[in-house]
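Commentary on secondary and tertiary structure
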Amino acid sequence: IASSATVAPAGTTAQKTEFEVKIAITNDTSKLRPGMTASADVVTDTRKNALSVPIQSVTVRTPEQLKVKDGKAVAFTAGKDGYVEVVWVVQDGKAQARQVTTGIQSDDAIEIKTGVKEGEAIVSGSYRAISRDLNIGDAVTIKKPGDKSDDKPAPDAN
């Protein structure tokens, strides 16, 4: 891996930072030509039997943002950055915030180490609904995959 990045000039359509990586190819190289480029996904870790949720279902809030509607404080412990990492679960048709500890992640899922148990209904929805609008005690509707009976933009549970 190169020790410094190649940065495209600002204002161009290719505004990205790249690090050149040299690899050894052990399979058939007959279709490769000098100057060809490639893209790759590098897997740094995998976990078998890990509990994971959709990545958009995990959000951060300050402890002050995680209060019950009547103003009663709920016990959450903020990290060094002042935020609490939470997943919203459905209990009795209402959203409840659960503080979680996360692990590795992919493009679409994130490992949950603590805070949620297998089989619990997790709230998913738009980024805004999960990260800003949803509050403890809000009513949520459980939808089955492919159910189009209710097209409201409210969060739903998987």
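Residues numbered from 1 in each chain as written. Predicted model: local features only at pLDDT ≥ 70, side-chain atom pairs only at ≥ 80, totals over all residues. Heavy atoms only, no water.

Some words on the overall build of the protein chain
Spelled out, the test is: Helical segments are the DSSP runs of H or I of at least four residues, strand segments are the runs of E of at least two, and each set is numbered from the N terminus. Note on exposure labels: buried denotes an accessible area under 20% of the residue type's maximum, exposed denotes more than 50%, and partly exposed covers the range between, all computed with a 1.4 Å probe on protein chains only. We call two residues contacting when some pair of their heavy atoms lies within 4.5 Å. The Shrake-Rupley method, run with a 1.4 Å probe sphere, supplies the accessible areas, and residue values consider only the shown protein chains as cover.
Broken down by element type, the protein chain carries 1 helix and 11 strands. Put simply, the protein chain runs from its N terminus to its C terminus through helices and strands in the order β-β-β-β-β-β-β-β-β-α-β-β. Burial statistics for the protein chain: of 158 residues in total, 23% are counted as buried. The long-range share in the protein chain, meaning contacts at least 24 apart out of those at least 6 apart in sequence, stands at 54%. Taken as a whole, the protein chain presents about 11,900 Å² of accessible surface, with 50% of it coming from carbon and sulfur.

What about the pattern of salt bridges?
What counts is decided by this rule: Basic side-chain nitrogens of Lys or Arg form a salt bridge, by our definition, when they fall within 4 Å of a carboxyl oxygen of Asp or Glu.
Considering all chains together, one arrives at 4 salt bridges under this definition. Asp45 serves as the salt-bridge partner of Arg47, at 3.2 Å between the closest nitrogen and oxygen. For Asp133, the salt bridge is made with Arg128, and the minimal N-O distance between the two is 3.1 Å. Judged by its relative accessible area of 48%, Arg128 falls in the partly exposed class. Three or more residues are tied together by salt bridges with common partners; here these are Asp45, Arg47 and Glu111.

What about a nonpolar patch on the surface?
Defined as follows: A patch is a set of surface residues, each over 30% in relative accessible area and not in a salt bridge, joined within 9 Å for like charges and within 5 Å for the nonpolar side chains Val, Leu, Ile, Met, Phe, Trp and Tyr.
A surface patch of nonpolar side chains, about 780 Å² in accessible area, is lined by Ile1, Phe19, Val21, Ile23, Ile25, Leu32 and Met36. Counting through the fold element by element, Leu32 comes out in the loop between β2 (17-18) and β3 (52-54). Given the relative accessible area of 42%, Leu32 is considered partly exposed.

What to know about the confidence of the model for the protein chain
Rule in force here: The predictor rates its confidence in each residue with pLDDT, a number between 0 and 100.
When pLDDT is averaged along the protein chain, the result is 83; 84% of the residues meet or exceed 70. Across the protein chain, the element-wise mean pLDDT spans from 52 in strand β11 (residues 156-157) up to 95 in strand β8 (residues 109-114).

Focus: the sheet that holds β3
This is how it is decided: Paired strands, in this sense, are two strands between which DSSP finds at least two bridges. For helices, the axis comes from a line fit to the C-alpha atoms of the stretch in contact; other axes are also lines fit to C-alpha atoms, and the angle between any two N-to-C directions lies between 0 and 180 degrees.
What the 3 strands build is an open sheet, ordered β3-β8-β7; its pairing is antiparallel. Since the sheet does not close on itself, it has two edges, and those belong to β3 and β7 (101-105), each with one partner. With direction set aside, neighbouring strand axes in the sheet form an average angle of 40°.

Examining the pairing of β7
Relative to β8, β7 is paired through 3 bridges, and the arrangement is antiparallel. Counterpart to Thr102 in the pairing with β8 is Ile112. The hairpin turn running from β7 into β8, its antiparallel successor, is 3 residues long.

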